[in-house]
Every structure is written in structure tokens, then in C-alpha cells.
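So you can see what is in the structure, the chains are spelled out below.
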Amino acid sequence: MTSHLIFIVITWRVVQSINFDAFFRKHRVFEARVFIIFVTIALGTTVSRFFLDFISWSNNLIYLF
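Here the structure is a predicted model, which means the values were calculated and not measured.

The rules behind each value
Residues numbered from 1 in each chain as written. Predicted model: local features only at pLDDT ≥ 70, side-chain atom pairs only at ≥ 80, totals over all residues. Heavy atoms only, no water. Phe/Tyr/Trp six-rings, centres within 6.5 Å; stacked < 30°, edge-to-face > 60°. Helix = DSSP H or I, 4+ residues; strand = E, 2+ residues; numbered from the N terminus. Buried < 20%, exposed > 50% of the residue type's maximum accessible area, 1.4 Å probe, protein only. Polar contact = N/O pair within 3.5 Å; in protein donor to acceptor, adjacent residues only side chain to side chain. Contact = heavy atoms within 4.5 Å. Expected span 1.5 Å × (residues − 1). 1 Å grid on protein atoms, 1.4 Å probe; cavity = no way out; pocket = protein on both sides within 12 Å on 5 of 7 lines; lining within 4 Å. Points joined across faces, edges and corners; volume = space filled by probe spheres on them. Nonpolar A, V, L, I, M, F, W, Y, C, P; charged D, E, K, R; others polar.

Draft legend 1. Geometry of the packing of aromatic side chains. In the structure shown here, the tally under the stated rule is three aromatic pairs. Judged by centre distance (5.2 Å) and plane angle (10°), the rings of F7 and F51 are stacked. Within this pair, whereas F7 is found in helix α1 (residues 2-16), its partner F51 is found in helix α2 (residues 29-60), the two being separated by 44 residues in sequence. Residues F50 and F51 carry aromatic rings whose centres are separated by 5.5 Å and whose planes lie at 75° to one another, so their mutual orientation is edge-to-face. Using a relative accessible area of 44% as the deciding quantity, one classes F50 as partly exposed. Ring pairs connect the aromatic residues F7, F50, F51 and F54, which therefore count as one cluster.

Spelled out as C-alpha cells, the structure:
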């Protein structure tokens, strides 16, 4: 859970540097913010899951030999 939160925060910081104004209609600020939050959560948890799986796979390498 800690890993997920850390990567969500990192992803949030990265997503904030991207200019999304061209992708959203004017006067749709709430929908744009909700979309950015959902994208941040999805990307952050995906990256976190990758790193947790990578650590798990690395620990299981000893069983191959």
C-alpha cells in the first residue's frame, strides 16, 4: 500500500507538469480534474505493481538454479 501511495504521488507530480488544456472543453474544469485524478491513480498503481512484481521475480530467481 505504501508503494502504491508513493508512486501515485510521484505520478501526480509528473502529470501536473503536462498541459492538458487543449484536450478539454472550456467550462469543464471539474470533469478535467476528475479525469486527471483517475489517470494519476491508474498510472501510479500500474507502475507500483510493476516494481513490486519485479522485486518478487528477483527474489524468486534463486529457485531457478
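Now, onward.
Draft legend 2. How the structure looks around the side chain of T11. Counting through the fold element by element, T11 comes out in helix α1. For T11, a relative accessible area of 10% gives the class buried. Among the polar contacts made by the side chain of T11, one reaches the main-chain carbonyl oxygen of F7 at a distance of 2.6 Å. Ignoring anything within four residues of it in the chain, the contact list for T11 reads T40, L43 and G44.

Draft legend 3. Here's a closer look at α2. Spanning 32 residues, α2 covers 46 Å between terminal C-alpha atoms, matching the ideal 46 Å at 1.5 Å per step. Those residues of α2 that sit buried are A32, I36, T40, G44 and S48. Turning to α2, the residues buried within the fold contact α1.

Draft legend 4. Seen up close, the layout of surface pockets. For the largest pocket, the calculated volume is near 260 Å³. What lines the largest pocket is a set of 13 residues, among which F20, D21, F24, A32 and I36 lie closest to the centre. When residues in the lining of the largest pocket are grouped by element, the largest group, four residues, is from α2. A breakdown of the residues in the lining of the largest pocket according to their chemical character gives seven nonpolar, two polar and four charged.

Draft legend 5. Seen up close, the environment of A32. Take A32: it is sitting in helix α2. Along the primary structure A32 and F20 are separated by twelve residues, whereas in three dimensions their C-alpha atoms are 8.4 Å apart.

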